[in-house]
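Spelled out, the chains give:
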Amino acid sequence: LNVVIYPLFFLQAHFVMCGKAPLNTKIVGGQAAVQGSWPWQASLHRITSGSHFCGGSLINKDWVLSAAHCFQRYEVIYNITLLTAHSKNGQIWTVTRLITHPSYSTTTQNNDIALLQLSSSVTFTDYIRPVCLAAAGSVFGGGTKSWITGWGKLKFADTQIPNILQEVQIPIVNNSVCNKAYGGIITSNMLCAGLDEGGKDSCQGDSGGPMANKNNSQWIQSGIVSFGRDCGIPKFPGVYTRVSQYQSWISSPISSDLPGFVSFTSTESSSGSPI
C-alpha cells in the first residue's frame, strides 16, 4: 500500500486542530472544488494501473478512514493518493496496515468502514489537514446540510472520472424515510442524504470518501460514502456509514494521537428533505 500526498506550504506549529480548512471560504450535480477546500480528502489508486477507485479521509497524521467495500473487488495492495483539488504531483507514502470492520456485510453493506495506517506520519500544511469525526451520540436531523466530496463519476453511465475534486451540498434524510425507499435495509449504522427530485448525489468512485458538516469554523465528518440506487435518481438518497457509531472501533487500533471526535447536534426539520 502506498500513499501520495501533496505538501505545498508547511505550518510552523506541530499541532493542527482537526476540521480546519483555512482555504475553504464556504459529485453528481456539484461543482469543482477550490484547491485546498477539503484538505483531508484522499484518493485511493490501484497499484497496477494507477487509476482512482475510491475515496478516503485523513483523520490524523497516521491514519486514513474509508469504506470496507472498497477493498472487496480489487487486489490487496494499493496506491493511496492524498490529492489536493488540482495537483497531480506528490510523494509516495506506504500503507502498512488495512483494517476492515470484522462485521462488515457484503450483502447489506452494514458496518461499511475501514482504516488504513500510514508507514510514516504526514506533515500537515494548509492543503493537507485532518478532519474531525462525529462523536458517539451525535445527532443529524433531517434537512441538515451536508457536503460530499470526491473524484467519482459525474453521471451514472459515465466511463471517465473528473480530474478535479468535486463537491456538492445535499440535506440529510431521516432514516425512517430512507428505510422505506430501500425496502427496510437501512440500519442505525447508516445515514442518508439527498434531494427528493434527485440530481445531486455521490456516485461510483466517491465510495469511502467523506460526508462533512460544518460546526462554526470546524468541519466534522458525519458519514462515509457507502451505496445508493444508481446516482442522483429521484426519491433514492445516497447511503453513508454513520461515523458516530464507530468512535470506539476507530480509536481502538490507534495507539497515539487519537482523531478529534466532536459532538454534533442538528435537529432540523425533515421538511428540508421531503423524500
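Structural data are supplied above this passage.
Positions within a chain are numbered from 1, following the residues in the order the chain's sequence is written. Since the coordinates come from a predicted model, pLDDT governs what is reported: local features require at least 70, and pairs of side-chain atoms require 80 or more to be given and counted, while whole-chain, interface and lining totals use all residues. Computation of side-chain values covers all heavy atoms of the structure but excludes hydrogens and water.

Caption draft 1: Structural context of the packing of aromatic side chains. Between rings of Phe, Tyr and Trp, where Trp is taken as its six-membered ring, a pair exists when centres lie within 6.5 Å; planes separated by under 30 degrees are stacked, by over 60 edge-to-face, and by other angles tilted. Counted according to the given criterion, the structure contains six aromatic pairs. Both rings, one in W38 and one in W40, keep their centres 6.2 Å apart while their planes meet at 70 degrees; by these two values the pair is edge-to-face. Here the term buried applies to any residue with accessible area under 20% of the maximum for its type, exposed to any over 50%, and partly exposed to those in between, with areas from a 1.4 Å probe on protein chains only. With a relative accessible area of 5%, W38 lands in the buried category. Ring-pair connections join several aromatic residues into one group, and the members of that group are W38, W40, W147 and W219.

Caption draft 2: The state of the cysteines, seen in detail. Throughout, a disulfide means two cysteine sulfur atoms within 2.5 Å of one another. Following the criterion strictly, the structure yields three disulfides and no others. Between C18 and C132 runs a disulfide, and the two sulfur atoms are separated by 2.0 Å. Between C18 and C132, the S-S torsion sits near 95 degrees, and that sign places the bridge as right-handed. In this structure, C18 and C132 share a single accessibility class: buried. Each sulfur of the disulfide joining C54 and C70 lies 2.1 Å from the other. Since a negative S-S torsion denotes a left-handed disulfide, the C54-C70 link at about -90 degrees is left-handed. Here the residue C54 occupies a position in strand β4 (residues 52–58), and C70 occupies one in the loop between β5 (63–66) and β6 (78–82), the gap between them amounting to 16 residues. Given a relative accessible area of 3%, C54 falls into the buried group. Helix and strand labels come from DSSP, where a helix needs a run of H or I of at least four residues and a strand needs a run of E of at least two; each type is numbered from the N terminus.

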